[in-house]
Amino acid sequence: RVGHHTVLTEDEMKFVRFTTPRHAAGTYGLIGQDGAIEVIGGGLLDSPARTGEIIREEDITRYLAPIDPPNIIAIGGNYVAHTAEGNNDQPKEPPIFIKSTTSVIAHGDNIVLPMVAPDLVDYEAELCVIIGRTARNVQAEQAMDYVFGYTCANDVSARDCQWRDGQWARAKSFDTFCPIGPYVETEPDLGNCHVRMKLNGEVMQDQPVSDMIFSVPTLVSYISQCMTLLPGTIIVTGTPGGAGFARKPPVYLRAGDVCEVEIDGIGTLRNTVAAEG
């Protein structure tokens, strides 16, 4: 305990990055079991430097993305239901693509419909893995030693660009197309949690993480055999079935919509959609 604040154990910690009138942008806090937040020194991947200063969530004026990733690695087709709704075969190996780091935004920021492609922008709720230390040629059995924690992500996608370009980089990399946050949980119970997308309060996607075709250890190992995973790299692990393009009629994001990515044991990432300009 710190004062009257009950902190989590060293094996299970929950972080938030924020600004308040008294704290500079990028300050981190450690969330206790009672919801109180202890301000800590250093970065997310550093050992928490306890200060004893306690704030409440209502003191936060702005949330920040929990990490500034050096790379964003994303996985396509990692749930059978999503591959089926896209009329694709189940992949034999994880399909990897890259999102630009400039696509990252935080909880509470606006997803902006790009002026050049505003009409077929889609949501994708995803579990996001944060790499804690440099990983290269890691075996699956050791892969979890390189994972720091998990957060929520929305792999926003301009479907018209995705289908027209023949590859996914532009469609997935517009500014604001990678909301992440607001919390980082180091030890969620992945075997018993669901990934959900709510659009304006309506559940659009809802599947257990256990339905992933390629598990987190498999993904970390596979990607590390291709490229060095630097500390802070995020892996966006794929989306469940229920994407907007596959609905009848299709459902695409419009200005004023509210997207909520909800993952049991981690939290809820909420973003409002806005038109560019």
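Notes on the structure in this doc start here. Since the structure is predicted, the reported quantities are computational estimates derived from the model, not experimental observations.

## A closer look at the nonpolar core
- Residues Leu 127, Val 216, Leu 229, Ile 235 and Leu 253 are the most contacted members of the largest nonpolar core, which totals 49 residues.
- When residues of this core are traced back to their parent elements, those giving at least two are β6 (72-75), β9 (110-113), β11 (125-131), β12 (147-154), β15 (194-199), α4 (216-224), β18 (258-263) and β19 (267-275).
- For Val 216, the residues in contact, after removing those within four places along its chain, are Leu 127, Val 129, Met 144, Val 147, Tyr 150 and Leu 190.
- Core analysis: the second largest hydrophobic core is formed by 22 residues, Leu 44, Ile 72, Ala 153 and Val 236 among them.

## Some points on the pairing of β19
- Pairing between β9 and β19: four bridges, direction parallel. When the bridges of β19 are listed, Val 112 appears paired with Ala 274.
- Alignment of β18 against β19, held across six bridges, turns out to be antiparallel. Bridge pairing in β19 places Glu 262 opposite Thr 268.
- The turn linking β18 back onto β19 is made up of three residues, and Gly 265 within it adopts a positive phi angle of 80°.

## Digging into the packing of aromatic side chains
- Under the defined criterion, the tally for this structure stands at four aromatic pairs.
- Aromatic pair Phe 15 and Phe 148: ring centres 5.7 Å apart, planes at 40°, arrangement tilted. Of this pair, Phe 15 sits in strand β1 (residues 14-20) while Phe 148 is found in strand β12, placing the two residues 133 residues apart along the sequence. Comparing Phe 15 with Phe 148, the two get one shared label, buried.
- One cation-aromatic arrangement involves Lys 14 over Tyr 183; the distance from NZ or CZ to the ring centre is 5.1 Å.
- Seen from the ring of Tyr 146, Arg 133 lies directly overhead, with NZ or CZ sitting 4.1 Å from the centre.

## Digging into the sheet that holds β18
- Overall, mixed pairing links the five strands, which are arranged β9-β19-β18-β15-β16 in an open sheet. Looking at strand neighbours, the two that pair on one side only are β9 and β16 (202-208), the edges of this open sheet. Each adjacent strand pair in this sheet contributes to an overall mean axis angle of 20°, direction not counted.
- With five bridges joining them, β15 and β18 adopt antiparallel strand pairing. From the neighbouring strand, Lys 198 faces β18, where its bridge partner is Glu 260.

Calculation notes
Sequence order as written defines the numbering, with residues in each chain counted from 1. For this predicted model, a pLDDT threshold of at least 70 governs which residues receive local features, and a threshold of 80 or more governs which side-chain atom pairs are given and counted, while totals over whole chains, interfaces and linings are taken from all residues. Excluded from the side-chain calculation are hydrogens and water; included are all heavy atoms of the structure. Take the buried Ala, Val, Leu, Ile, Met, Phe, Trp, Tyr and Cys residues and link them wherever side-chain atoms come within 4.5 Å; each set so joined is a nonpolar core. The rule is simple: take the accessible area with a 1.4 Å probe, protein chains only, and divide by the maximum for that residue type; under 20% is buried, over 50% is exposed, in between is partly exposed. Segments assigned H or I by DSSP are reported as helices when at least four residues long, segments assigned E as strands when at least two residues long, and all are numbered from the N terminus. The criterion used for residue contact is that any of the two residues' heavy atoms lie within 4.5 Å. Paired strands, in this sense, are two strands between which DSSP finds at least two bridges. Two rings from Phe, Tyr or Trp (for Trp, the six-membered ring) form a pair when their centres sit within 6.5 Å of each other. Planes less than 30 degrees apart are called stacked, planes more than 60 degrees apart edge-to-face, and all others tilted. By definition here, charges over rings are those cases where NZ of Lys or CZ of Arg is within 6 Å of the ring centre and within 35 degrees of the ring normal. Axis lines are fitted through C-alpha atoms, for helices just across the contact stretch, and the angle between N-to-C directions can take any value from 0 to 180 degrees.

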